[in-house]
Amino acid sequence: MAGAGDEAAVLPDLLPVYYRRLFPYPQYFRWLNYGGVRKAYFQNREFSFTLRDDIYLRYQSFTNQQELEKEMQKLVPYKIDIGAVYSHKPNQHNSVKAGNFQALEKELVFDIDMTDYDDVRNCCRAADICHKCWTLMTIAIRVLDRALEEDFGFEHRLWVYSGRRGVHCWVCDDIARKLSQTARSAVAEYLSVVKGGEDTIKKVHLTHPIHPSIEKAIVLVKRYFREYALENQDILGSKEAWEKVLAMVPEEIRENLQTEFINARNSDKRWDMLKQSVKTTKAIFTAEEIMLQYCYPRLDVNVSKGLNHLLKSPFCVHPKTGRISVPIDLKTLDSFDPFSVPTLSSICRELDSNKKPEEEDVTSKESEPESKRRSRDYKKTSLAEPVRIFDEFLKKMEHSRKGVLLEQSDSHRDF
Amino acid sequence: IVPYHVAEMSQSASQNILYFYCILYFSCFPVLKSIENIGVSFVKTSEQYSKKLEAELRKQRFHFRPVRSPGVFEMRRKDHLSHFILRLAYCQTEDLRRWFIQQELDLFRFRFNELPLDKQQQFLKHNDLDYNITAEEKEAVHKNVIDGSRLSTIKMEFLLIYKIHFTDAIDLIRNRKVYLNRGYAYVPHPEIVIIVLNEFRQILSKALALTKRSLPVIESDERLQPLLNHLSHAYVGQDYSMQKNVGKISLEQIDGLAVKSFPLCMRQLHKALRDNHHLRHGGRMQYGLFLKGIGVTLEQALQFWRSEFIKGKVDAEKFDKLYSYNIRHSFGKEGKRTDYTPYSCMKIILSNLPSQGDYHGCPFRHSDPELLKQKLQSYKIPSAGITQILDLVKGMHYQLACQKYFELTHNVEEVGFSHSHPNQYFLESQRLLNVGRDVKKEPSPPEGSQRSQNSQPARPASVSAPKSADRLASEELEMIFSDG
């Protein structure tokens, strides 16, 4: 794997190639155009580009796929963010009377960032991640995805690896896109369980009866807890580590556990002791609270709340790691490895090395337009799989849209 | 488009009718005012709250229950008209609208809860909120509904459950107080009031916005304009701006008063000013207007701030250039010549949060509990009292916490007023300290009986009628300052 420094250095050379030959424009446009059911839905969408040397352009907007393509190839943005759908074309926002230019719709988005787990990770700090802590993201996706589907009834949830230390979720259902700011923050609050800052020791408080949604989250967390927390993170492995956990148990059993823990063989045994002794106290949910504090997804509520908040686009290249922000297939979530995600340099290399056989192919069909040939280039690289996942997501969305349209035309015929 | 009620008002030509509206207003405004007062002192869902409110409404002859009697139509007409007059008066600014909506919501909640079940259902049906679920569906979800809504002791067979789209149950979702399945919220009957309230809030706030838009039409009627202005001014009872006590306080007294009679926020600002010889803008506004409210004149204010600031990094010339304009401005002597009123607790708590280097805000709201504790300890508040205050802070009852602080620093059992303004705190404190000097404290009624009874010990007039409160307060002040 190329080091982070190398990846930043190749950006100026390889990004133009990526935007010219590999970026999946057709799928991208299909996504944000939402079937073209509403006119100007794509045209009124805000994009923002961060160019080389941190030049920041907000309120970009495009009339169609061709224009988007042209601009991206011309400006070669280091980072692309997606904003809201506005009442007017964002690139003309200055010509609209102030106050009339308003954000109307946006996907309901969630941003989970590994830095927010620093108090419960023993392996890495800040922007660093490793296989040991990545499980936290797996758990986060499992818990949130279940709630979004089963509790809120959202069908179209696109999970994306951010390219560095976190994941994003784009909920694309009609209802989700139309949610008000208040509703968005309410949903985010509903999904937030871990609360409190640096000065709060116990950040999860459960009361009887436990809400069904939390109950289900606990079941999901339990599936990972032993292997993740007790083995890999070894949260009860040393005195220093278990003191942090014991700070969360009721005082009456704390001292006893402190002595018992010293003689216990490993984290696993100590966890069993803790669970046993908690049962004798009034705080019967202490074990669950600890599990949630260590594993429950920690959302950046502000990102979800704001209708006009920008979020990094899928298929954007992370400027530091060079990794492509790719969709995650939940069917194989447990084996998703952020370190084997295609990077800008890896896919450009693949493009070069696979040139030979394909070139013959090309000469045989010279009549084919350049754009069409280009649209298949990504298939020669490891970008093919992420694009396939994206495609699948789009097909499902188009399918359900067709269902709705049929229903509508049916009801029309009835009259 | 002019809403119906507005049209009706502008068409009513005779002065008599205007007079009638005026009367109506004064019969309804105190109702909202008492709702606010009781709402600050009690938890809104508690039995105590309902009892207190019921007693208060009875006292004011406000009919909150549907009645069957010949006069019912006239009564409802009166209720409706007064509501619309209040709308006119309270649509003018954001603050007024927020206050009005909050009180109307509380009144609505109370009235809705007082209705018998069949009437409640009728209401829900009438407003398209009646989505009962089938017996089978109920069977399937009932455990989840109970757990999700944190209801512990309700018999399921009597429980009505409404199935509504989650976007209609936002308030319940925010607190994770409802069971959600596939996009639908299953709301048990007692909770449906929250949904209804939300709906009511939206309607009311839209209506107020509309009313505001049609205000210019009404303002062109010179008979109404002064009336409306007057109405909304009565909103906090008094705004503690122009008092008759102006000039009856000397700058030497301030240090002493700060310790004895200032609420904690002002005491903190005063101390910060004396320590640092400087306050940032937010602090100068909050403290400066408070001082103005207790009777400091413009000349005194200029002298007060100048003498303090020049002890620090600011020399007299710089002070005159940078700060005196602002002080004159806040006394209405510069710029658009608005005579600014002292900040109320609500404003201090909600707006302009203090950041690094600021000392303004509400210490109960904006201080770290640990720091608050230390501060209270240093002010020699007994530790039991500190615990009580911290509990109130934890429950987000910042004004009650302040009230407790008042009780503890003045050695009284119950303050006898509902605290909503720093200047009110000051007046009450002075009143108490000066009265205590010559009159022995009245024996307080025995514990227990005091709380459970419907009839309350007579409260000071300052909470009920704005008119008399104004007069009373200034008379008190006369007494206080002529005394000192």
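Model, not experiment: these values are computed from the prediction. (Residues numbered from 1 in each chain as written. Chains lettered and ligands numbered in written order. Predicted model: local features only at pLDDT ≥ 70, side-chain atom pairs only at ≥ 80, totals over all residues. Heavy atoms only, no water.)

**Describing the overall build of chain A**
Put simply, the rule reads: Put simply, DSSP H or I for four residues or longer makes a helix, DSSP E for two residues or longer makes a strand, and each gets a number counted from the N terminus. Only protein chains enter the area calculation, which uses a 1.4 Å probe; residues under 20% of their type maximum are buried, those over 50% are exposed, and those in between are partly exposed. Any two residues whose heavy atoms approach within 4.5 Å at even a single point are treated as in contact.
A tally of helices and strands in chain A yields 16 helices and eight strands. The burial tally for chain A puts 53% of its 415 residues in the buried class. For chain A, contacts bridging at least 24 residues in sequence account for 70% of all contacts bridging at least 6.

**Digging into the environment of G385 of chain B**
Residue and element names in this part refer to chain B. Structurally, the position occupied by G385 is in helix α21 (residues 383–394). A relative accessible area of 3% means that G385 is categorised as buried. For G385 and Y405, which are 20 residues apart along the polypeptide, the C-alpha to C-alpha distance reads 8.0 Å.

**What to know about the interface of chain B and chain A**
Operational definition: Buried surface area refers to the total accessible area, computed with a probe of radius 1.4 Å, that the two partners give up upon joining, counted for both partners together. Definition used for salt bridges: Asp or Glu carboxyl oxygen within 4 Å of a side-chain nitrogen of Lys or Arg. Counting of polar contacts relies on pairs of N or O atoms within 3.5 Å, with two restrictions inside protein: one atom must be capable of donating a hydrogen and the other of accepting it, and residues adjacent in sequence are counted only when both atoms are side-chain atoms.
At the junction of the two partners, chain B supplies 19 residues and chain A supplies 22 residues. The junction of chain B with chain A conceals about 1,800 Å² of combined surface from both sides, 62% of it contributed by carbon and sulfur atoms. Where chain B touches chain A, the interface holds zero salt bridges. Counting the contacts that link chain B with chain A gives nine residue pairs in polar contact (both at pLDDT 80 or more).

**Let's talk about the UniProt feature "binding site: [4Fe-4S] cluster" (unreviewed entry) in chain B**
Residues and elements named next belong to chain B. Which entries qualify depends on this criterion: UniProt positions are given in the numbering used here, feature names are shortened, and annotations may be inferred rather than shown by experiment.
Following the UniProt record, the feature "binding site: [4Fe-4S] cluster" (unreviewed entry) maps to C265, C345, C362 and C402 here. These residues run over 138 residues, yet every pair of their C-alpha atoms falls within 9.9 Å of each other. Locating C265 in the fold gives a position in helix α13 (residues 264–276). The class for C265 is buried, based on a relative accessible area of 8%. Setting aside anything within four residues of it in sequence, one finds C265 in contact with Q286, G361, P363 and P422. Tracing the backbone shows C362 in the loop between α18 (345–350) and α19 (363–366). According to the relative accessible area criterion, C362 is buried, its value standing at 10%. Residues in contact with C362, not counting those within four places in the same chain, are I348, I349, S367 and Y398.

**So, the side chain of Q65 of chain A**
Mapped onto the elements of the fold, Q65 of chain A is located in helix α3 (residues 65–75). What makes Q65 of chain A buried here is its relative accessible area of 15%.

**Section: α3 of chain A**
Here α3 of chain A has its buried residues at Q65, L68, E69, E71 and M72 of chain A. One or two positions beyond α3 of chain A, positive phi appears at V76 of chain A, with a value near 45°.

**Examining the side chain of T286 of chain A**
Note on placement: T286 of chain A falls in helix α11 (residues 286–295). Setting aside chain neighbours within four positions, we find T286 of chain A in contact with M248, V249, P250 and V278 of chain A.

**Focus: the packing of aromatic side chains**
Residue and element names in this part refer to chain A. Operational definition: Note on aromatic contacts: the rings of Phe and Tyr and the six-membered ring of Trp form a pair at centre separations within 6.5 Å, being stacked when their planes are under 30 degrees apart, edge-to-face when over 60 apart, and tilted otherwise.
In this structure the tally under the stated criterion is 47 aromatic pairs over all chains. Ring geometry for F23 against Y28: centres 5.1 Å apart, planes inclined by 75°, an arrangement best described as edge-to-face. Residues F23 and Y28 agree in their burial class; the two are buried. Judged by centre distance (6.2 Å) and plane angle (70°), the ring pair of Y28 and W31 falls under edge-to-face.

**Digging into the pattern of salt bridges**
Residues and elements named next belong to chain A. Across all of its chains, the model carries 41 salt bridges over all chains by this definition. One salt bridge in this structure joins R157 and D145, with 2.6 Å as the shortest N-O distance. A residue pair is termed long-range when its members are at least 10 positions apart, and R157 in strand β6 (residues 157–161) and D145 in helix α4 (residues 131–151) qualify at twelve residues. Here E385 makes a salt bridge to R388, at a shortest N to O gap of 2.8 Å. Remark: R388 and E385 occur in helix α16 (residues 384–414); sequence separation between them is three residues, near one turn of the helix. E385 gets classed as partly exposed once you look at its relative accessible area, which sits at 40%. Taken together, the shared-partner salt bridges connect D329, K331, E385, R388 and E392 into one network.

**Topic: the pairing of strand β2 (residues 55–60) of chain A**
Residue and element names in this part refer to chain A. Under the convention used in this document: Strand pairing follows a simple DSSP-based rule, namely that at least 2 bridges must link the two strands.
Bridge count between strand β1 (residues 45–51) and β2: four bridges; the pairing is antiparallel. By the bridge assignment, F49 is partnered in β2 with L57. Counted between consecutive antiparallel strands, the loop separating β1 from β2 contains three residues, among which D53 sits at a positive phi close to 60°.

**Re the sheet that holds strand β2 (residues 179–181) of chain B**
Residues and elements named next belong to chain B. To keep things clear, this is the line we draw: Where helices are involved, their axes are fitted lines through C-alpha atoms of the stretch in contact, as for all axes, and angles between N-to-C directions lie from 0 to 180°.
Spatially, β1-β3-β2 is the arrangement adopted by the three strands of the open sheet, whose pairing is antiparallel. Each edge of the sheet is formed by a strand with only one pairing partner; in this case those strands are β1 (161–165) and β2. Ignoring which end each strand starts from, the neighbouring axes of this sheet average 30° apart. As defined by bridge partners, β2 adjoins strand β3 (residues 184–188) across three bridges and the pair is classed as antiparallel. Across the sheet, N181 pairs through a bridge with Y184, a residue of β3. Across the sheet, helix α7 (residues 135–149) lies against β1, β2 and β3, angled at about 80° from β3, the strand it touches most.

**Section: the packing of α21 of chain B against helix α22 (residues 398–410) of chain B**
Residues and elements named next belong to chain B. Heads up, the rule is: Roughly parallel here means an angle under 35 degrees, roughly antiparallel means over 145, roughly perpendicular means 65 to 115, and every remaining angle is called oblique. Two helices cross in a left-handed way if the nearer one is turned anticlockwise from the farther one by less than a right angle. They cross in a right-handed way if the turn is clockwise. Charged residues are taken to be Asp, Glu, Lys and Arg, nonpolar residues to be Ala, Val, Leu, Ile, Met, Phe, Trp, Tyr, Cys and Pro, and polar residues to be all remaining types, Gly included.
Two numbers describe how α21 lies on α22: the axes approach to 8 Å, and their chain directions differ by 165°. Relative to α22, α21 is oriented roughly antiparallel. In the crossing of α21 with α22, the sense of the turn from one axis to the other is right-handed. Residues G385, Q388, I389, L392 and V393 of α21 form the contact with α22, whose participating residues are Y398, L400, A401, K404, Y405 and L408. Split by residue class, the contact of α21 with α22 holds eight nonpolar, two polar and one charged.

**A few points about unusual backbone geometry**
Residue and element names in this part refer to chain A. Across the junction of H208 and P209, the peptide omega takes the value -5°, indicating a cis bond. With respect to the helices, strands and loops of the structure, P209 is situated in the loop between α6 (181–190) and α7 (212–232). Of note in this structure, A40 is not a glycine but carries a positive phi near 65°. Position of A40 relative to the elements: it lies in the loop between α2 (25–33) and β1. In this model, A126 sits at a positive phi of 45°, which is unusual for a non-glycine residue. Owing to a relative accessible area of 36%, A126 belongs among the partly exposed residues under this scheme.

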